[in-house]
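Chain and residue survey
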Amino acid sequence: MSLKITFINPNSVEEVDKYLPKILAEAVLNKIAKETDYPVAPTEQGCDIKHSA
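Before going into details, it helps to say that this report is about the structure given with it. (Residues numbered from 1 in each chain as written. Predicted model: local features only at pLDDT ≥ 70, side-chain atom pairs only at ≥ 80, totals over all residues. Heavy atoms only, no water.)

Moving on: the overall build of the chain. A tally of regular secondary structure across the chain gives 1 helix and 0 strands. Going through the 53 residues of the chain one by one, you find that 2% of them count as buried. As presented, the chain carries roughly 5,400 Å² of accessible surface, and 59% of it is formed by carbon and sulfur atoms. (Helix = DSSP H or I, 4+ residues; strand = E, 2+ residues; numbered from the N terminus. Buried < 20%, exposed > 50% of the residue type's maximum accessible area, 1.4 Å probe, protein only. Areas by Shrake-Rupley, 256 points an atom, 1.4 Å probe, with all protein chains shown as cover.)

The next thing to look at is a nonpolar patch on the surface. Taken together, Tyr19, Leu20, Ile23 and Leu24 make up a surface patch of nonpolar side chains, about 310 Å² in accessible area. Summarising the element assignment, Leu24 is placed in helix H1 (residues 13-36). (Patch = residues over 30% accessible without salt bridge, like charges linked within 9 Å, V, L, I, M, F, W, Y side chains within 5 Å. Salt bridge = Lys/Arg side-chain N within 4 Å of Asp/Glu carboxyl O.)

The subject of this paragraph is the pattern of salt bridges. Under the defined criterion, the tally for this structure stands at 1 salt bridge. A salt bridge links Glu35 to Lys31, with the shortest nitrogen-to-oxygen separation between them at 3.5 Å. Placement of both Glu35 and Lys31 in helix H1 is noted, with a separation of 4 residues, approximately one turn of the helix. Since its relative accessible area comes to 47%, Glu35 is described here as partly exposed. For Lys31, a relative accessible area of 52% translates into the label exposed.

Relative to the elements of secondary structure, Tyr19 occurs in helix H1. Once the C-alpha coordinates of Tyr19 and Phe7 are considered, the two residues, 12 residues apart in sequence, prove to be 9.3 Å apart. Those residues in contact with Tyr19 that sit more than four places away from it in its chain are Thr6 and Ile8. (Contact = heavy atoms within 4.5 Å.)

So, in structure tokens, the structure goes:
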């Protein structure tokens, strides 16, 4: 996993317009990727779960 840090001047409209959409898109994709890395639930792996009453 690599960490890329991009510093932008928030007072510069050109830099914000250039970098912010890409930074936000990468953040959303990273969040989605992390959420899909969770293990599959046991019932979806073909195992039956029996709960005691």
